[in-house]
Amino acid sequence: MRRKIVAGNWKMNMNLQEGLSLAKAVDNFMQKNESGVEVILCTPFIHLAHITTLFKADNIYAGAQNCSNMDSGAYTGEISAKMIKSTGAQYVIIGHSERRSYYNENDELLNEKIIIALNNDLKVIFCCGEVLSEREKGEYYEVVKAQIEKAFSGISLSDFRNIIIAYEPVWAIGTGVTASSAQAQEMHFFIRSVIEKMYGKEQSDKTVILYGGSCKPSNSSELFSMNDVDGGLIGGASLKEDDFCKIIESFKGK
Ligand code: 13P
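Residues numbered from 1 in each chain as written. Predicted model: local features only at pLDDT ≥ 70, side-chain atom pairs only at ≥ 80, totals over all residues. Heavy atoms only, no water.

**Concerning helix α11 (residues 217-224)**
Taken together, the buried positions of α11 are occupied by Asn-219, Ser-220, Leu-223 and Phe-224. The arc enclosing the buried residues of α11, seen along the axis, measures out at 125°, which places them on a common side. Buried residues along α11 sit in contact with β1 (5-9), α9 (181-199), β7 (209-211), β8 (231-234) and α12 (241-249). (Buried < 20%, exposed > 50% of the residue type's maximum accessible area, 1.4 Å probe, protein only. Helix = DSSP H or I, 4+ residues; strand = E, 2+ residues; numbered from the N terminus. Arc of directions from axis to C-beta. Contact = heavy atoms within 4.5 Å.)

Written as structure tokens, this is what we have:
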């Protein structure tokens, strides 16, 4: 049995007060939730130190959405993995398509960020996924395989155990268009086969693979019912308490 995880990616939304109030509401919900689902709130940096002190539920954690590839020093505006860890946060998203496209983050840089995050005892949520033209040309398997192989280059099996993968087809992010459950399942199954080649069957069976891209209460149950879909990385719907809590509940019966 793999872990079931619902992670929220707030992106650049929520001021401090709004964020604390949402985090409190989700924590309250989680205090009563006994389904075993783990929840990770990936918030802007400014919320992290606050929300980690207010969490009371057992299965709720905080994460950042990015970290620097440098340890420390004269890098104005950057936030290091060590700083994130010092807030009590346990996770960091690396490789989100918005970072790849708007901030030109390439595979080598992402590999450096993953290594520095793991070296600082953070767990990584690594995002991969193809853009629309790659899907239309039928290149999506190759694209995702290359992203994974490059990102995890030089990463040992024991370090890899601290990585969660999120498959986020870029054409489904914030567009309202969701991958069908069959499309998600076939890609997750494929990703598991890539992990098996790199780290062996035992590890690939244990690796948590989340789906992200217009996931909402109306489609989460069906997506999460797929064999290789272990939960979701939720953008827009993670900003609304009701929607996010409904998504957490949609594992019922799995
Ligand atoms: P949406 O759920 O808003 O499509 O965003 C998905 C995402 O990018 C999560 O990281």
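**Some thoughts on the packing of α11 against α12**
The N-to-C vectors of α11 and α12 enclose an angle of 20°; their axes lie 9 Å apart at closest approach. On the basis of the axis angle, α11 is roughly parallel to α12. The two elements α11 and α12 meet at a crossing, and its hand is right-handed. Facing α11, whose interface residues are Pro-217, Ser-220 and Phe-224, α12 presents Asp-243, Lys-246 and Ile-247. Looking at side-chain class alone, the contact of α11 with α12 contains three nonpolar, one polar and two charged residues. (Axes fitted to C-alpha atoms, helices over the stretch in contact; angles between N-to-C directions. Parallel < 35°, antiparallel > 145°, perpendicular 65-115°, else oblique. Left-handed = near helix turned anticlockwise from the far one by under 90°. Nonpolar A, V, L, I, M, F, W, Y, C, P; charged D, E, K, R; others polar.)

**Quick notes on the site of the ligand**
The local shell around the ligand consists of Asn-9, Lys-11, His-96, Glu-168, Ala-172, Ile-173, Gly-174, Gly-213, Ser-214, Leu-233, Gly-235 and Gly-236. Taking Glu-168, its side chain carries an N or O atom lying 2.8 Å from an oxygen atom of the ligand. Contact with the protein chains covers 94% of the free accessible surface of the ligand, which is 310 Å². Looking at the shell around the ligand, its residues break down into three nonpolar, seven polar and two charged. (Near = heavy atom within 4 Å. Polar contact = N/O pair within 3.5 Å; in protein donor to acceptor, adjacent residues only side chain to side chain. Areas by Shrake-Rupley, 256 points an atom, 1.4 Å probe, with all protein chains shown as cover.)

**Section: the packing of aromatic side chains**
In total, this model carries eight aromatic pairs according to the counting rule given. The interplanar angle of 65° and the centroid separation of 5.1 Å between the aromatic rings of Phe-126 and Phe-152 together place this pair among those described as edge-to-face. Here Phe-152 lies in the loop between α7 (140-151) and α8 (157-160) and Phe-126 lies in strand β5 (residues 123-128), a separation of 26 residues in the sequence. With relative accessibility at 1%, the residue Phe-152 sits in the buried group. Through successive ring pairs, a cluster of aromatic residues spans Phe-126, Phe-152, Phe-160 and Tyr-199. Over the aromatic face of Tyr-140 sits the side chain of Arg-135, whose NZ or CZ is 3.6 Å from the ring centroid. (Phe/Tyr/Trp six-rings, centres within 6.5 Å; stacked < 30°, edge-to-face > 60°. Lys NZ or Arg CZ within 6 Å of the ring centre and 35° of its normal.)

**Here we look at the nonpolar core**
By size, the foremost hydrophobic cluster in this structure holds 67 residues, and its most contacted members are Leu-41, Ile-114, Phe-152, Ile-163 and Ile-191. Among the elements that take part in this core, α9 stands out by supplying seven residues, more than any other. The contacts of Ile-191, once residues within four sequence positions are left out, are Cys-128, Val-144, Ile-148, Ile-165, Tyr-167 and Ile-209. Core analysis: the second largest hydrophobic core is formed by 14 residues, Ala-7, Tyr-91, Val-208 and Leu-233 among them. (Core = buried A, V, L, I, M, F, W, Y, C linked by side-chain atoms within 4.5 Å.)

**A look at the packing of helix α1 (residues 16-32) against helix α2 (residues 45-54)**
Axis separation between α1 and α2 bottoms out at 10 Å; the angle between their running directions is 35°. The crossing of α1 and α2 is right-handed. Here Leu-16, Gly-19, Leu-20, Ala-23, Lys-24 and Asp-27 of α1 come into contact with α2, specifically with Ile-46, His-47, His-50, Ile-51 and Leu-54. For the contact of α1 with α2, a count of residues per class yields six nonpolar, three polar and two charged.

Scope: geometric values only; no functional claims are made or implied.
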